Amino acid sequence: MHPCAKQSRASEAPERWPRRLLRHAGWAVWVLLAVMAALSRATFGLRCESFGCTYVGVVWVALAAIWGVVVLLGLGLLGWQRHGSVPTRLTAAAVAALLVAAAGHVAYWLA
(Lines give C-alpha, C1' and ligand atoms only; values in the text may rest on other atoms or scores of the structure.)
Protein backbone atom coordinates (compact mmCIF):
# COMPACT_ATOMS: atom_id res chain seq x y z
CA MET A 1 0.00 0.00 0.00
CA HIS A 2 1.31 3.40 -0.92
CA PRO A 3 2.01 5.75 2.08
CA CYS A 4 -0.12 8.53 0.58
CA ALA A 5 -3.12 6.22 0.37
CA LYS A 6 -2.71 5.33 4.04
CA GLN A 7 -2.58 9.01 5.01
CA SER A 8 -5.73 9.91 3.05
CA ARG A 9 -7.66 7.12 4.76
CA ALA A 10 -6.60 8.39 8.17
CA SER A 11 -7.93 11.86 7.37
CA GLU A 12 -11.25 10.35 6.26
CA ALA A 13 -11.70 8.51 9.54
CA PRO A 14 -14.83 9.47 11.46
CA GLU A 15 -14.40 12.01 14.21
CA ARG A 16 -14.22 10.46 17.66
CA TRP A 17 -17.29 10.99 19.85
CA PRO A 18 -15.63 13.06 22.63
CA ARG A 19 -14.37 15.61 20.13
CA ARG A 20 -17.71 15.65 18.31
CA LEU A 21 -19.50 16.16 21.64
CA LEU A 22 -17.10 18.93 22.58
CA ARG A 23 -17.63 20.60 19.20
CA HIS A 24 -21.40 20.83 19.75
CA ALA A 25 -21.39 21.49 23.51
CA GLY A 26 -21.93 25.21 22.93
CA TRP A 27 -25.61 24.46 22.35
CA ALA A 28 -25.83 23.24 25.96
CA VAL A 29 -24.69 26.66 27.14
CA TRP A 30 -27.42 28.28 25.03
CA VAL A 31 -29.98 25.92 26.61
CA LEU A 32 -28.71 26.89 30.07
CA LEU A 33 -29.02 30.55 29.08
CA ALA A 34 -32.65 29.98 28.05
CA VAL A 35 -33.40 28.21 31.35
CA MET A 36 -31.75 31.03 33.31
CA ALA A 37 -33.74 33.61 31.33
CA ALA A 38 -36.97 31.79 32.20
CA LEU A 39 -36.01 31.65 35.89
CA SER A 40 -35.09 35.31 35.84
CA ARG A 41 -38.38 36.24 34.21
CA ALA A 42 -40.23 34.37 36.93
CA THR A 43 -38.31 36.14 39.72
CA PHE A 44 -38.84 39.61 38.24
CA GLY A 45 -42.57 39.03 38.71
CA LEU A 46 -42.27 38.42 42.46
CA ARG A 47 -43.70 41.17 44.67
CA CYS A 48 -43.00 42.10 48.27
CA GLU A 49 -45.78 41.52 50.77
CA SER A 50 -44.56 42.12 54.34
CA PHE A 51 -42.61 38.93 55.16
CA GLY A 52 -42.54 38.07 51.44
CA CYS A 53 -39.72 40.60 50.92
CA THR A 54 -37.36 38.25 52.73
CA TYR A 55 -38.48 35.47 50.42
CA VAL A 56 -37.77 37.61 47.33
CA GLY A 57 -34.29 38.40 48.66
CA VAL A 58 -33.54 34.71 49.24
CA VAL A 59 -34.74 33.87 45.73
CA TRP A 60 -32.55 36.61 44.24
CA VAL A 61 -29.48 35.40 46.13
CA ALA A 62 -30.16 31.81 45.05
CA LEU A 63 -30.61 32.97 41.45
CA ALA A 64 -27.32 34.91 41.63
CA ALA A 65 -25.55 31.77 42.87
CA ILE A 66 -27.05 29.71 40.03
CA TRP A 67 -25.99 32.39 37.51
CA GLY A 68 -22.47 32.20 38.91
CA VAL A 69 -22.36 28.43 38.54
CA VAL A 70 -23.69 28.59 34.97
CA VAL A 71 -21.17 31.29 34.00
CA LEU A 72 -18.35 29.20 35.50
CA LEU A 73 -19.57 26.12 33.59
CA GLY A 74 -19.64 28.13 30.38
CA LEU A 75 -16.16 29.53 30.95
CA GLY A 76 -14.85 26.05 31.82
CA LEU A 77 -16.34 24.59 28.65
CA LEU A 78 -14.88 27.43 26.61
CA GLY A 79 -11.43 26.76 28.07
CA TRP A 80 -11.78 23.03 27.46
CA GLN A 81 -12.76 23.64 23.85
CA ARG A 82 -9.82 25.99 23.30
CA HIS A 83 -7.48 23.42 24.85
CA GLY A 84 -8.86 20.77 22.49
CA SER A 85 -8.50 23.05 19.43
CA VAL A 86 -12.24 22.95 18.81
CA PRO A 87 -14.06 25.93 17.24
CA THR A 88 -15.44 28.07 20.07
CA ARG A 89 -17.56 30.72 18.33
CA LEU A 90 -20.90 29.27 19.49
CA THR A 91 -19.79 28.79 23.09
CA ALA A 92 -18.06 32.18 23.22
CA ALA A 93 -21.26 33.90 22.05
CA ALA A 94 -23.30 32.04 24.68
CA VAL A 95 -20.84 32.94 27.45
CA ALA A 96 -20.87 36.57 26.31
CA ALA A 97 -24.68 36.58 26.44
CA LEU A 98 -24.56 35.03 29.93
CA LEU A 99 -22.15 37.71 31.13
CA VAL A 100 -24.26 40.53 29.64
CA ALA A 101 -27.41 39.12 31.25
CA ALA A 102 -25.64 38.72 34.58
CA ALA A 103 -24.38 42.31 34.40
CA GLY A 104 -27.92 43.43 33.66
CA HIS A 105 -29.16 41.62 36.74
CA VAL A 106 -26.49 43.22 38.91
CA ALA A 107 -27.33 46.67 37.52
CA TYR A 108 -31.04 46.11 38.17
CA TRP A 109 -30.37 44.84 41.68
CA LEU A 110 -28.15 47.81 42.56
CA ALA A 111 -30.57 50.37 41.09
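Values in this document were obtained by computation on a predicted structure and should not be read as measured data.

Trainee: Describe the packing of aromatic side chains, naming the residues involved and giving the relevant values.
Mentor: In total, this model carries one aromatic pair according to the counting rule given. Arranged with centres 5.8 Å apart and planes meeting at 20°, the rings of W60 and Y108 form a pair that is stacked. Pair noted here: W60 is in helix α4 (residues 52-83) and Y108 is in helix α5 (residues 89-110), with a separation of 48 residues, a long-range link. Since its relative accessible area comes to 49%, Y108 is described here as partly exposed.

Trainee: So what's going on with a nonpolar patch on the surface? Residues and values would help.
Mentor: On the surface, V31, V35, L39 and I66 cluster together into a nonpolar patch covering about 320 Å² of accessible area. A per-element tally of the nonpolar patch places helix α3 (residues 26-44) first, with three residues. Along the chain, the position of V35 falls in helix α3.

Trainee: Tell me about the nonpolar core, and name the residues and values.
Mentor: One finds V29, M36, W67, L77 and L98 to be the most contacted residues of the largest nonpolar core, which totals 15 residues. The set of elements that each furnish at least two residues to this core consists of α3, α4 and α5. Ranked by the residues each element gives to this core, the list is headed by α4, at five residues. Residues in contact with L77, not counting those within four places in the same chain, are L22, A25, G26, V29 and T91.

Trainee: Tell me about α3, and name the residues and values.
Mentor: Helix length check: α3 (19 residues) gives 27 Å between terminal C-alpha atoms against 27 Å at 1.5 Å per residue, within 8%. For α3, the full list of buried residues reads G26, V29, L33, M36, S40 and T43. Along the long axis of α3, the arc covered by the buried residues comes to 85°, so they all point the same way. α3 presents W27, V31, R41 and A42 as exposed residues on the side facing more than 90 degrees away from its buried surface.

About the thresholds
- Residues numbered from 1 in each chain as written.
- Predicted model: local features only at pLDDT ≥ 70, side-chain atom pairs only at ≥ 80, totals over all residues.
- Heavy atoms only, no water.
- Phe/Tyr/Trp six-rings, centres within 6.5 Å; stacked < 30°, edge-to-face > 60°.
- Helix = DSSP H or I, 4+ residues; strand = E, 2+ residues; numbered from the N terminus.
- Buried < 20%, exposed > 50% of the residue type's maximum accessible area, 1.4 Å probe, protein only.
- Patch = residues over 30% accessible without salt bridge, like charges linked within 9 Å, V, L, I, M, F, W, Y side chains within 5 Å.
- Areas by Shrake-Rupley, 256 points an atom, 1.4 Å probe, with all protein chains shown as cover.
- Salt bridge = Lys/Arg side-chain N within 4 Å of Asp/Glu carboxyl O.
- Core = buried A, V, L, I, M, F, W, Y, C linked by side-chain atoms within 4.5 Å.
- Contact = heavy atoms within 4.5 Å.
- Expected span 1.5 Å × (residues − 1).
- Arc of directions from axis to C-beta.

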